[in-house]
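Reading the structure
Each chain, written out:
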Amino acid sequence: MAITLRQLYDRYRSVPIIYRIGVAFVLGSLVGLTVGEPATRLEPLGDLFVRLLQMIVIPIIVFTLLMGARRLSPSNLGKIGGQVVALYLVTTAIAIGIGLFVANLINPGTGLEVADATVETKEAPDIVEVFMNIVPTNPVGAMAAGDVLPTIFFTIVFGLALAYLQDEYDVSSAVHEGAETVFELAETGAEAMFKIVWGVMEYGVIGVFALMATTFGNAGVDAIAPFAKLIGALAIAVGLHIGVTYLLIIQWGLLRESPLDFLRGSKEAMVTALSIRSSSGTLPVTMNDADENFGVDEEVYSFSLPLGATINMDGTAMYQGVAAVFAANMVGQTLTIGEQFTVVATALLASVGTAGVPGSGLIMLTMVLTQLGLPLEVVGMVAGVDPILDRLRTMNNVTGDLAVTTLVAGWNDKIDRAATVWSETDVPDSTPGTTDD
């Protein structure tokens with residue numbers, strides 16, 4: 001029985017997009033290695049993918065961050081909520097710092113060059129200037145110029161002001177209805193951008209193929225080692241962050257509990273996250289671990305874990321630091337202290353809203369590289385190995401959600417330690433809920 005074109009297309013679409021991009025990465029690399037310099041004629045197809053990524057940066061920032069600010073309304077932030085959000089931001093900042101530290105030691109990307117990449121070179125500002133430039137003198141002008149950090153700052157401030165108006169004014173007032181309308185427009189805009197992102201990622205199969213064919217056509221087999229170093233750098237950074245931040249500082253230092261007991265209670269969520277690469281998809285398992293294994297009160301984990309699956313992106317933010325050094329090395333630049341602070345600020349602020357975006361790690365990387373003036377071709381190139389990187393990032397994210405949740409619960413006496421990993425009795429058998437992913 002002959003297979004129709006429609007059936008072939010349906011089978012093609014049934015394969016997750018990230019795996020199709022991974023195949024394109026491999027095939028493009030093989031074409032570049034086999035054909036050599038003539039493969040660089042595919043470069044315009046890769047350039048189109050880069051332009052599409054540039055197109056979606058500012059709209060994604062505005063719409064998704066407004067949605068994130070809506071979730072952080074004052075009514076949702078009491079003592080426990082404030083502690084959760086503060087700890088998520090602190091651990092994310094630490095994660096980015098660890099990522100930059102490891103990347104500066106390993107230097108992934110050295111020996112690999114991006115063909116004809118456009119780099120916006122200018123004198124690097126100091127830390128004070130970077131900090132001052134976060135606040136835009138003209139928000140609309142910052143958006144028009146594609147200045148990522150000022151756009152993120154203004155959008156968060158504007159979104160929080162709208163959320164405050166919703167809480168301050170009566171539901172029937174015009175001001176409350178107006179704020180609600182803006183949030184609804186933002187949600188609609190975000191959904192529309194998700195569709196556009198889906199289309200861009202669909203074309204990314206072609207774009208990544210062309211980018212890798214061009215890269216390996218120019219560099220040959222010398223391009224293999226830098227990608228291995230990139231994966232290794234992120235793996236080391238994730239191991240350090242889990243070991244030092246979550247186990248030693250949070251569990252042993254602040255909560256005064258055994259790090260090994262925490263790992264024992266988190267293993268279902270960590271393995272699930274590593275398998276399905278989705279914080280949201282792992283949420284039923286994570287909540288089950290918090291309840292059954294750690295004895296956390298539902299009042300805490302019912303807020304902290306869904307919020308963490310949305311805004312806590314330690315692993316993803318850490319990856320931005322590693323990938324930024326990777327990109328800088330590819331164009332022969334060294335990130336200054338001020339530029340590395342820019343990475344921290346951009347990834348930290350962007351983490352509030354972009355977690356819900358398909359391919360959020362790649363979208364955040366586009367924002368960071370745009371702010372630094374580094375070539376966006378790197379986004380397409382690392383997309384090919386993203387299935388490996390994404391598993392590490394997601395496991396880190398989910399582990400961080402549980403670490404913060406247990407700490408906040410401990411601070412507020414919201415843990416029942418009887419028959420949990422922290423008691424002398426055996427941990428009850430937990431049967432995690434199934435996921436939709």
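What counts and what doesn't
- Residues numbered from 1 in each chain as written.
- Predicted model: local features only at pLDDT ≥ 70, side-chain atom pairs only at ≥ 80, totals over all residues.
- Heavy atoms only, no water.
- Helix = DSSP H or I, 4+ residues; strand = E, 2+ residues; numbered from the N terminus.
- Contact = heavy atoms within 4.5 Å.
- Areas by Shrake-Rupley, 256 points an atom, 1.4 Å probe, with all protein chains shown as cover.
- Phe/Tyr/Trp six-rings, centres within 6.5 Å; stacked < 30°, edge-to-face > 60°.
- Buried < 20%, exposed > 50% of the residue type's maximum accessible area, 1.4 Å probe, protein only.
- Salt bridge = Lys/Arg side-chain N within 4 Å of Asp/Glu carboxyl O.
- pLDDT = per-residue confidence, 0-100.
- Patch = residues over 30% accessible without salt bridge, like charges linked within 9 Å, V, L, I, M, F, W, Y side chains within 5 Å.
- Expected span 1.5 Å × (residues − 1).
- Polar contact = N/O pair within 3.5 Å; in protein donor to acceptor, adjacent residues only side chain to side chain.
- Axes fitted to C-alpha atoms, helices over the stretch in contact; angles between N-to-C directions.
- Left-handed = near helix turned anticlockwise from the far one by under 90°.
- Nonpolar A, V, L, I, M, F, W, Y, C, P; charged D, E, K, R; others polar.
- Lys, Arg positive; Asp, Glu negative; His and termini not counted.
- Charge placed at Lys NZ, Arg CZ, Asp CG, Glu CD.

**Observations concerning the overall build of the protein**
When helices and strands are tallied, the protein shows 17 helices and zero strands. Considering only contacts within the protein whose residues lie at least 6 apart along the sequence, 83% involve residues at least 24 apart. On the protein, roughly 18,800 Å² of surface is accessible, and the fraction owed to carbon and sulfur atoms is 62%.

**A short note on the packing of aromatic side chains**
Tallying each qualifying case throughout the model produces five aromatic pairs. Here the aromatic rings of F25 and F227 are separated by 5.3 Å at their centres, their planes lie at 85°, and the arrangement is edge-to-face. Here the residue F25 occupies a position in helix α2 (residues 17-35), and F227 occupies one in helix α9 (residues 224-254), the gap between them amounting to 202 residues. Side by side, F25 and F227 carry an identical accessibility label, which is buried. Between F262 and F294, the ring centres sit 5.5 Å apart and the planes meet at 20°, which makes this aromatic pair stacked. On the criterion of sequence distance, the pair formed by F262 in helix α10 (residues 259-276) and F294 in the loop between α11 (279-293) and α12 (298-311) is long-range, its members being 32 residues apart. For the pair formed by F262 and F294, the shared burial category is buried. Site record: aromatic cluster; members linked through ring pairs are F25, F227 and F326.

**What about the pattern of salt bridges?**
Inspection of every chain in the model, using the stated rule, returns seven salt bridges. One salt bridge connects R6 with D10, and the closest N-O pair in it is separated by 3.5 Å. Taken as a pair, R6 and D10 lie in helix α1 (residues 5-14) at a separation of four residues, close to a single helical turn. The class of R6 is exposed, set by a relative accessible area of 56%. On the accessibility criterion, D10 (37% relative accessible area) is partly exposed. Its salt-bridge partner being K267, residue E268 comes within 4.0 Å of it at the nearest N-O pair.

**Comments concerning the confidence of the model for the protein**
For the protein, the average pLDDT comes to 82, and 88% of its residues sit at 70 or higher. Segment residues 425-437 is flagged for pLDDT under 50; beyond a separation of four residues in sequence, or across chains, it makes 29 contacts in the model.

**Description of a nonpolar patch on the surface**
The grouping of F101, L105, I236, L240, V244, L248, I249, W252, L254 and W411 at the surface amounts to a nonpolar patch, some 1,000 Å² of accessible area in total. Mapped by element, the contributors of at least two residues to the nonpolar patch are α4 (79-106) and α9. The biggest single contributor to the nonpolar patch is α9, with seven residues. Counting through the fold element by element, I236 comes out in helix α9.

**A closer look at α12**
Taking 1.5 Å as the rise per residue, α12 with 14 residues should run 20 Å; its terminal C-alpha atoms sit 19 Å apart, in good agreement. For α12, the complete set of buried residues consists of V300, Y301, S304, L305, L307, G308, A309 and I311. The N-cap residue of α12 is D297: its side-chain oxygen and the backbone nitrogen of E299 are 2.8 Å apart.

**Structural notes on the packing of helix α7 (residues 148-168) against helix α14 (residues 337-350)**
Across the interface, α7 lies against α14 with an axial gap of 10 Å and an inter-helix angle of 35°. In terms of crossing hand, the pair formed by α7 and α14 is left-handed. Along the contact surface, α7 presents V148, L149, I152 and I156, while α14 presents T342, A345, T346, L349 and A350. Its residues placed into classes, the contact of α7 with α14 shows seven nonpolar, two polar and no charged.

**What to know about a negative patch on the surface**
Where like charges cluster on the molecular surface, the negative patch consists of D291, E292, D297 and E298. Mapped onto the elements, D291 comes out in helix α11.

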